Amino acid sequence: MDLKTLKNIPDLSGKKVFVRVDFNVPIDDEGGVRDAKRIRHAIPTIKYLLEKGVSQIILASHLGRPKNNEPHLMTNKVADKLSDLLGQEVVKVDDWGEGGIPEAKIVMLENIRFHPAEKSKNEAERDEFGKHLASLADLYVNEAFSNSHREHASMTSIPKYIPGFVGLGVEDEVEKISKAIESPEHPLVAVVGGLKADKLNAVHNLMNIADKILIAGAISYNLRKLEGYNIGDSKADDEGMSEMADLAQGIINSDKVELPIDAVVADAFSEDANTKVVNIDGIEDGWMALDIGPQTREKYADILSEAKTILWFGPVGVFEMEAFSEGTKAIGKVIAEADAVSIIGGGDSAGAVKKLGLSDKMTLVSTGGGASLTMIEGKELPALAILKKH
Ligand code: AMP
């Protein structure tokens, strides 16, 4: 994807730069930051801008899912955390610059989703807010890959009014994902797990580009059901599947696709349920498949160990419970050890890799589940499309 990047800007000195970041960090009831990873992620871009002599950096982020401008979702503590990490003052602005912006070098606006126009379905409303935000600065930078599949005012409207660029983190992430899907080293092997049937859209596109697609998680039992197997009480996204019936049929017919051959089944969705390992044709009523079994682990591991490019989207079992985490642990370990480019989708897969302590062994752990999955589906991200070179 040919994007306009920060390095394309010939002269930043004296410029006011609006940077849309993703500081949607986990917070406690008082608004305290529990994990600053997302804030740290934006620091190289902030430092780059400071080194190039910009006159002001105006930061904006969403935080949580505000309904009623809840005080603990205000960005004050996030601004304080950034200030600690940078060792430099970050001034919190209590609105979105309607009352003017203080002279400080770095300012942080209020939670952008407190403003009703940010997520408005009405483009004109979003653009009106975006135009106001654009009036605060000379240039716009998107350093929020994770929100780039969304048409929100701070993502897609501001760059209609001032020149827009991607930040260093977005540039790196998009480059790595694009390379893995557009010009991968083969064999390209994808592991697709998780619960929601909408991942089948990604599988559908992967059938064009991957050499093997290893399906696991709840969606794999949905597909086994379609083949006629009894899946007992396994969690099945029947509604999601019914919307994708044709697509699902194409997937089970593809010789690129592998489905689990055995499973760890449980008699309840609980850590202390009774469990046993059964072949895929041995799932009885009253039992649910909550992890891949040892034969599937071995088969998938063999295929992955030969791969040169690996994409992993979604845990292969209910990894949050120890009893059903063996599959996800095994797959994570093989991917980390493989001599391959490894791209881990955001969300639960990123969480699993982090829990396993394997993040540093991967080529990229995506900052955005929905955004990276959209790229794997072969679709354009609207907030990046608007920042393309023309
Ligand atoms: P998704 O948001 O679609 O990536 O789904 C992630 C969730 O899928 C995680 O919370 C896992 O616990 C869950 N999951 C993975 N495998 C299974 C399974 N066999 N049955 C039920 N849930 C699963």
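So, the domain arrangement of the protein chain
Stage number 1. We note that the domain assignment places domain 1 (6-170) and domain 2 (184-376) within the protein chain.
Stage number 2. If you average the C-alpha positions of domain 1 and of domain 2, the two centres end up 35 Å apart.
Stage number 3. Between domain 1 and domain 2, roughly 590 Å² of surface is buried when both sides are summed, and carbon and sulfur atoms account for 64% of that area.
Stage number 4. Summed over the shared surface of domain 1 and domain 2, the number is one salt bridge.
Stage number 5. Of the charged contacts, one joins Lys 354 and Asp 35 as a salt bridge, the two residues approaching to 3.0 Å between their closest N and O atoms.
Stage number 6. Summed over the shared surface of domain 1 and domain 2, the number is one residue pair in polar contact (both at pLDDT 80 or more).
Stage number 7. Partitioned by chemical class, the residues of the side of domain 1 that touches domain 2 number one nonpolar, three polar and two charged.

Looking at the sheet that holds strand S11 (residues 275-279)
Stage number 1. Spatial strand order, S11-S10-S12: three strands in an open sheet with antiparallel pairing. Each end of this open sheet is capped by a strand with a single partner; those strands are S11 and strand S12 (288-292). Between one strand axis and the next, the sheet turns through 40° on average, direction left out of account.
Stage number 2. Two strands pair when backbone bridges link them, and strand S10 (residues 262-266) and S12 are joined in this way by four bridges, in the antiparallel orientation. Across the sheet, Ala 263 pairs through a bridge with Ile 292, a residue of S12.

Considering the environment of Ile 158
Stage number 1. Along the chain, Ile 158 turns up in the loop between helix H5 (153-157) and strand S6 (164-166).
Stage number 2. The exposure class of Ile 158 is buried, given its relative accessible area of 0%.
Stage number 3. With 19 residues separating them along the chain, Ile 158 and Leu 139 place their C-alpha atoms 9.3 Å apart.
Stage number 4. Not counting the four nearest positions on each side in its chain, Ile 158 is found in contact with Phe 18, Gly 130, Leu 133, Ala 134, Tyr 140 and Ala 153.

Let's talk about the side chain of Asn 205
Stage number 1. Looking at the secondary structure, you find Asn 205 in helix H7 (residues 199-209).
Stage number 2. Every residue in contact with Asn 205, bar those within four places of it in the chain, is listed here: Ile 376, Glu 377 and Gly 378.

Things to note about the environment of Gly 286
Stage number 1. Mapped onto the fold, Gly 286 is located in the loop between S11 and S12.
Stage number 2. Relative accessible area serves as the criterion here: at 34%, Gly 286 is assigned to the partly exposed category.
Stage number 3. The spacing of Gly 286 and Asp 267 is 19 residues in sequence and 6.0 Å in space, taken between C-alpha atoms.

Considerations on helix H2 (residues 43-51)
Stage number 1. Regarding H2, the residues found buried are Ile 43, Thr 45, Ile 46, Tyr 48 and Leu 49.
Stage number 2. The positive-phi residue at the C-terminal boundary of H2 is Gly 53, with phi of around 80°.

Comments concerning the sheet that holds strand S15 (residues 364-365)
Stage number 1. Taken in spatial order, the six strands of this open sheet run S9-S8-S7-S13-S14-S15, and their pairing is parallel. Looking along the sheet, the strands with just one partner apiece sit at the ends: strand S9 (257-258) and S15.
Stage number 2. Pairing of strand S13 (residues 309-313) with strand S14 (residues 341-344), which is carried by four bridges, proceeds in the parallel orientation. Residue Thr 309 lies in a different strand from S14, and its bridge partner there is Val 341.
Stage number 3. Its contacts with the sheet place H7 against strand S7 (188-192), strand S8 (212-215), S9 and S13, and it is angled at close to 170° to S7.

Remarks on the layout of surface pockets
Stage number 1. Computed from the structure, the second largest pocket encloses a volume of approximately 170 Å³.
Stage number 2. Contributions of two or more residues to the lining of the second largest pocket are made by helix H6 (168-182) and H7.
Stage number 3. Ranked by residue count, the leading element in the lining of the second largest pocket is H6, at three residues.
Stage number 4. Along the lines of polarity and charge, the residues of the lining of the second largest pocket split into four nonpolar, three polar and four charged.

Calculation rules
- Residues numbered from 1 in each chain as written.
- Predicted model: local features only at pLDDT ≥ 70, side-chain atom pairs only at ≥ 80, totals over all residues.
- Heavy atoms only, no water.
- Domains from an automatic or database assignment.
- Buried area = accessible area lost by both parts, 1.4 Å probe.
- Salt bridge = Lys/Arg side-chain N within 4 Å of Asp/Glu carboxyl O.
- Polar contact = N/O pair within 3.5 Å; in protein donor to acceptor, adjacent residues only side chain to side chain.
- Nonpolar A, V, L, I, M, F, W, Y, C, P; charged D, E, K, R; others polar.
- Pairing = 2+ DSSP bridges.
- Helix = DSSP H or I, 4+ residues; strand = E, 2+ residues; numbered from the N terminus.
- Axes fitted to C-alpha atoms, helices over the stretch in contact; angles between N-to-C directions.
- Buried < 20%, exposed > 50% of the residue type's maximum accessible area, 1.4 Å probe, protein only.
- Contact = heavy atoms within 4.5 Å.
- 1 Å grid on protein atoms, 1.4 Å probe; cavity = no way out; pocket = protein on both sides within 12 Å on 5 of 7 lines; lining within 4 Å.
- Points joined across faces, edges and corners; volume = space filled by probe spheres on them.

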